Each structure stands twice: as C-alpha cells, then as structure tokens.
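Listed here are the chains, written in short residue letters.
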Amino acid sequence: SSTSRGLGDVYKRQDKRSLKVFENILSFKITGNIDFLDDCFSFPDEAFSNILSLSDDEIYADLGAYTGDTVNEFLKYAEGYRRIYAVEPNRRNFRKCVKNLLGRDNISFYNAAAWIRDEAVRFTSGSGRQSKLSSEGVSVYARSLDSILDGGECTYIKLSLIHISEPTRRRG
C-alpha cells in the first residue's frame, strides 16, 4: 500500500539512533515490556546538542510550563528565539513561571490547560507535577495551541503529558 511504502521511505532516511528509538517504542507498544523504553531516553545536553537543531529564530510553545524550568532550559541551548508561549494550568505553578521568566522579551503567558479546543475543563491540582485533568477538581480554562497561535507558526513544541482521568479522556 502507499502508506506502508511511505513509512518505509521515512524509515530508510532515519539515523541509527532514531531507528533504535522507533523500534523500541514499537516493541514496547506490542509487548508492554517497559524495558524497551530504557534506550529511548536522552539527557538534555544530548538532545539539544545532537538530536535537535535549534535556530536563533525559534517560536517555542511550552505546553505544561510548570515553573518555567523547561523554558529556561530551552533558553540555555537556543541561540535566540522569536517568541515563547508558556501555558500552565496550575495557578501556583503559573505564578512561579511568570516570576521566573519575568524580564524576558517576547514571552506570552497563559494560565490555562493545553487541550484540543478552548473550553472549561476540570483540573485536579496535585503537588509538584502531579496535576491532572479530571471529572472532578477546579474549573480551569483550556486552550488549544491553534487558538493560542491564532494562525501563527510554531517551530518547537514541548508537551507535558499530564494524567487524564477516564471520563475526561472519553469526552475529548
């Protein structure tokens, strides 16, 4: 089929590291054996130096910005940037994020959850990074990245996959 030929063409063009990660993720999905994921991890120095090639004109969306730590990490490796979008639903973490990134140019902050559409969702605020979308909890506004960008482009996305409870997953 054309789909399998297309995937095969992409597969042939990848570097050895990417192929190994791809194979291990598929093996994990097929077997459920978490050991396959051990070789899929990269430390930030390796990722930013050898895997990603950031330009000085990046438009970075941090969906789950926590306290701004990942934006600061991005800034350590990026030679520059055009704009940064920091999205964080937890009010306390959002305040820390704004405080930690205050004084930087061209950063837009959104105290919202990243979601598939703009709407109110329920959000349970756990300590640290333990927050999640849920059928219970406080109501927070959620934004889609398309809505935040408003037709603009984005060159680099960091997405924190938060826990989503079963009723919320079914609704999305």
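In the block above lies the structure referred to throughout.
Let me begin by describing the structure that accompanies this report.

Rules used in this analysis
Residues numbered from 1 in each chain as written. Predicted model: local features only at pLDDT ≥ 70, side-chain atom pairs only at ≥ 80, totals over all residues. Heavy atoms only, no water. Helix = DSSP H or I, 4+ residues; strand = E, 2+ residues; numbered from the N terminus. Polar contact = N/O pair within 3.5 Å; in protein donor to acceptor, adjacent residues only side chain to side chain. Contact = heavy atoms within 4.5 Å. Salt bridge = Lys/Arg side-chain N within 4 Å of Asp/Glu carboxyl O. Buried < 20%, exposed > 50% of the residue type's maximum accessible area, 1.4 Å probe, protein only. Expected span 1.5 Å × (residues − 1). Arc of directions from axis to C-beta. Pairing = 2+ DSSP bridges. Core = buried A, V, L, I, M, F, W, Y, C linked by side-chain atoms within 4.5 Å. Patch = residues over 30% accessible without salt bridge, like charges linked within 9 Å, V, L, I, M, F, W, Y side chains within 5 Å. Areas by Shrake-Rupley, 256 points an atom, 1.4 Å probe, with all protein chains shown as cover. Lys, Arg positive; Asp, Glu negative; His and termini not counted. Charge placed at Lys NZ, Arg CZ, Asp CG, Glu CD. Axes fitted to C-alpha atoms, helices over the stretch in contact; angles between N-to-C directions.

**Re the side chain of asparagine 24**
Relative to the elements of secondary structure, asparagine 24 occurs in helix H2 (residues 16-31). Separated by 3.3 Å, the side chain of asparagine 24 and the backbone oxygen of phenylalanine 36 make a polar contact. Excluding anything up to four places from it in sequence, asparagine 24 contacts Phe36, Asp39 and Cys40.

**So, the pattern of salt bridges**
Taken as a whole and assessed by the stated rule, the structure comprises 6 salt bridges. Among the salt bridges present, the one from arginine 17 reaches glutamate 46, with a minimum N-O distance of 3.6 Å. Pair noted here: arginine 17 is in helix H2 and glutamate 46 is in helix H3 (residues 44-51), with a separation of 29 residues, a long-range link. Judged by relative accessible area, which is 29%, glutamate 46 ranks as partly exposed. Salt-bridge contacts for aspartate 62 lead to lysine 158; the nearest nitrogen and oxygen are separated by 2.6 Å. Separated by 96 residues along the polypeptide, aspartate 62 in strand S1 (residues 58-63) and lysine 158 in strand S8 (residues 156-159) bring together distant segments of the chain. With relative accessibility at 16%, the residue lysine 158 sits in the buried group. Through salt bridges that share partners, Asp57, Arg82 and Glu153 make up one connected network.

**Quick notes on H2**
The first and last C-alpha atoms of H2 sit 22 Å apart over 16 residues, in line with the 22 Å expected at 1.5 Å per residue. Here H2 has its buried residues at Leu19, Val21 and Asn24. One or two positions beyond H2, positive phi appears at glycine 32, with a value near 80°.

**Brief notes about helix H4 (residues 69-77)**
For H4, the complete set of buried residues consists of Thr70, Val71, Phe74 and Leu75. Along the long axis of H4, the arc covered by the buried residues comes to 145°, so they all point the same way.

**Focus: the pairing of strand S5 (residues 119-124)**
Residue alternation in S5 divides its side chains into a buried set, Glu119, Val121 and Phe123, and an unburied set, Ala120, Arg122 and Thr124. Pairing between S5 and strand S7 (residues 138-143): 5 bridges, direction antiparallel. Bridging across to S7, arginine 122 finds its partner in serine 139.

**Examining the nonpolar core**
Membership of the largest hydrophobic core comes to 13 residues, with the highest contact counts inside it found for Tyr60, Val71, Phe74 and Ile84. Ranked by residue count, the leading element in this core is H4, at 3 residues. Setting aside residues no more than four positions away along its own chain, valine 71 makes contact with Tyr60, Asp62, Ile84 and Leu101. In this structure, Ile59, Leu63, Tyr85 and Ile148 belong to the second largest nonpolar core, which totals 9 residues.

**As for a positive patch on the surface**
Together, Arg91, Arg92, Arg95 and Lys96 line one region of the surface with positive charge. Here lysine 96 lies in helix H5 (residues 91-101).

**So, the side chain of serine 108**
Within the secondary structure layout, serine 108 lies in strand S3 (residues 107-110). By relative accessible area, which is 17% here, serine 108 ends up buried. Once you skip the residues sitting within four places of it in the chain, serine 108 turns out to touch Arg83, Ile84, Tyr85 and Ala86.

**Remarks on the sheet that holds S1**
Taking strand neighbours across the sheet as the criterion, the 4 strands line up as S3-S2-S1-S8 in an open arrangement whose pairing is parallel. Of all strands in the sheet, those with a lone pairing partner are S3 and S8, marking the two edges. This sheet shows a mean twist of 10° between the axes of neighbouring strands, independent of strand direction. Where strand S2 (residues 81-87) meets S3, 4 bridges bridge the pair, whose relative direction is parallel. Bridge pairing in S3 places isoleucine 84 opposite isoleucine 107.

Structural measurements only, silent on function.
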